[in-house]
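Here are the chains, one letter per residue:
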There are 2 protein chains.
Amino acid sequence: METDPELIQALHKQGSHLTRQRLLVLDILKEIPGHLDAGAIFQEAKKRDERISLATIYRSLAVLKAAGLVEENRLGEEHGHFETIQQAEHYHFTCLSCGRVIEFEATGIPEVVQELSGRENLMVTETYFNLRGYCPECQKIEQNT
Amino acid sequence: METDPELIQALHKQGSHLTRQRLLVLDILKEIPGHLDAGAIFQEAKKRDERISLATIYRSLAVLKAAGLVEENRLGEEHGHFETIQQAEHYHFTCLSCGRVIEFEATGIPEVVQELSGRENLMVTETYFNLRGYCPECQKIEQNT
DNA sequence: TTACCTGCAAAGGGTTTGCACTTTG
DNA sequence: CAAAGTGCAAACCCTTTGCAGGTAA
């Protein structure tokens, strides 16, 4: 493995190595937009590495998460979904009908968090703001029924 | 069962009956403050009904949820936690150290939801705003270490 | 070379389901 | 009485772990 010294650095801080499998998981998360779960990542990974195991996917995700390269979100319910860390903090809306996930930013959220953590003296390290409901398309479909 | 016609009504709308077991689950959620998971509800329920099964707890929770009497929340991660529906919408902070859950209100959140759903034409039916971090007590403990 | 990592298969924890019987309305 | 609900045990799904053999630095 001779890639991206920045990555190697991020992992090395945790005493972790940059392996072919971890790089693959990271590549998949970067290439495929959306919020993949471990199973979907596994399916995709198998296309490029026949022998990779689901256990490795889970272990890779754990390491990448610890290194701050990936974040996990349970979109209101269900099992874990993963995506690479992005510059701007954003949140998720999940359509209960078609399953589509819409990302959005909301400056009001950090404000609320800041106000609250000051008032209650909380040290907030993770913020989850997930909405669920119906997207514009699915609202139309229901009206036509 | 001869109790609370209001409850019977709420369940009847879904074609569901008010059974001894469902009433018991609801009573437990009302009596015990906090955010119980299915296992904890089961343990408590067994004290009052030796023969109740965990499957019934899950099925009861599903029915009560559908009837709008109970809500489920995955506090950022982990498995489901349940509580009875309350008048004021509130959110949750979970301490990563001691596990304590702090409830709070935040008028900024409905505002953000309303603004966003108008702008993006989303029909929002569920709002989850979960914070995780360290509570005041656990921050102190860490400083002393 | 020495940690660290992988694949495999088995185990784990939470949740759901099939079935025969019981209960509600 | 018909429809809905229950207990039990088995099944499921997602995730984690033990272990023997590989691999990164």
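Residues numbered from 1 in each chain as written. Chains lettered and ligands numbered in written order. Predicted model: local features only at pLDDT ≥ 70, side-chain atom pairs only at ≥ 80, totals over all residues. Heavy atoms only, no water.

Asks: What should I look at first to understand the relation of the copies chain A and chain B in this one?
Replies: Copy one and copy two of the chain differ by a rotation about a common axis and a shift along it. Overlaying chain A with chain B gives an RMSD of 0.2 Å, the required rotation being 179° about an axis along which the chain moves by 0.0 Å. Each copy turns onto its partner about a two-fold axis. Identified as the residue of chain A closest to the rotation axis by C-alpha distance is Phe129(A), at 2.2 Å. Counting the interface residues of chain A, we find that 100% of their copies in chain B are interface residues as well, pointing to one common contact surface. (Least-squares fit on C-alpha atoms with pLDDT ≥ 70 in both. Contact = heavy atoms within 4.5 Å.)

Asks: Would you explain the interface of chain A and chain B in this entry?
Replies: Where interface size is given, it is often the accessible area lost as the parts come together that is meant. Between chain A and chain B, the contact holds 36 residues from the first and 36 residues from the second. Taken over both partners, the interface formed by chain A and chain B buries close to 3000 Å², and the fraction arising from carbon and sulfur atoms is 62%. For the pair chain A and chain B, the number of links is two salt bridges. Between Glu126(A) and Arg132(B) there is a salt bridge; the shortest N-O distance is 3.1 Å. Taken together, the links from chain A to chain B amount to ten residue pairs in polar contact (both at pLDDT 80 or more). (Buried area = accessible area lost by both parts, 1.4 Å probe. Salt bridge = Lys/Arg side-chain N within 4 Å of Asp/Glu carboxyl O. Polar contact = N/O pair within 3.5 Å; in protein donor to acceptor, adjacent residues only side chain to side chain.)

Asks: Sorry if this is basic, but what is going on with the pairing of strand β2 (residues 81-84) of chain B here?
Replies: Regular strands have side chains that alternate between both faces of the sheet. Residues and elements named next belong to chain B. Side chains of β2 alternate between two faces, with His81 and Glu83 and Phe82 and Thr84 buried alike. The pairing of strand β1 (residues 70-73) with β2 spans four bridges and is classified as antiparallel. By the bridge assignment for β2, Glu71 is matched with Glu83. (Buried < 20%, exposed > 50% of the residue type's maximum accessible area, 1.4 Å probe, protein only. Helix = DSSP H or I, 4+ residues; strand = E, 2+ residues; numbered from the N terminus. Pairing = 2+ DSSP bridges.)

Asks: How do you make sense of unusual backbone geometry when you look at a structure like this?
Replies: In terms of backbone geometry, most residues other than glycine have negative phi values and most peptide bonds are trans. Residues and elements named next belong to chain A. Look at Asn121: it is not a glycine, yet its phi comes out positive at around 60°. Along the chain, Asn121 turns up in the loop between α5 (108-120) and β5 (123-134). Taking relative accessible area as the criterion, Asn121 reaches 42% and is therefore assigned partly exposed.

Asks: Can you help me understand the protein's contact with DNA strand C in this one?
Replies: Close to DNA strand C lie 21 residues, the nearest being Thr19(A), Arg22(A), Thr56(A), Arg59(A) and Tyr58(B). Sugar and phosphate atoms represent 78% of those atoms of DNA strand C found within 4 Å of the protein. Contact distances for DNA strand C include 3.0 Å between a sugar or linking oxygen and a side-chain N or O atom of Gln21(A). Within the side chain of Thr56(A), an N or O atom sits 2.2 Å from a phosphate oxygen of DNA strand C. Every element with two or more residues in the surface near DNA strand C is listed here: α2 (20-31) and α4 (54-66) of chain A together with α4 (54-66) of chain B. With four residues, the top contributor of residues to the surface near DNA strand C is α4(B). For the surface near DNA strand C, the residue count by class is seven nonpolar, ten polar and four charged. (Near = heavy atom within 4 Å. Nonpolar A, V, L, I, M, F, W, Y, C, P; charged D, E, K, R; others polar.)

Asks: Explain the sheet that holds strand β5 (residues 123-134) of chain B here, please?
Replies: Sheet strands line up and pair through hydrogen bonds in the backbone, either parallel or antiparallel. Strand order in the open sheet made by the six strands is β4(A)-β3(A)-β5(A)-β5(B)-β3(B)-β4(B), with mixed pairing throughout. Across the chains shown, the open sheet's two edge strands, defined by having one partner strand only, are β4 (101-104) of chain A together with β4 (101-104) of chain B. Going from strand to strand, the sheet's axes swing by 25° on average, the running direction of each strand aside. Looking at chain direction, strand β3 (residues 91-95) of chain A and β5(A) are connected through four bridges and run parallel. In the strand pairing of β5(A), Phe93(A) is matched with Leu131(A). (Axes fitted to C-alpha atoms, helices over the stretch in contact; angles between N-to-C directions.)

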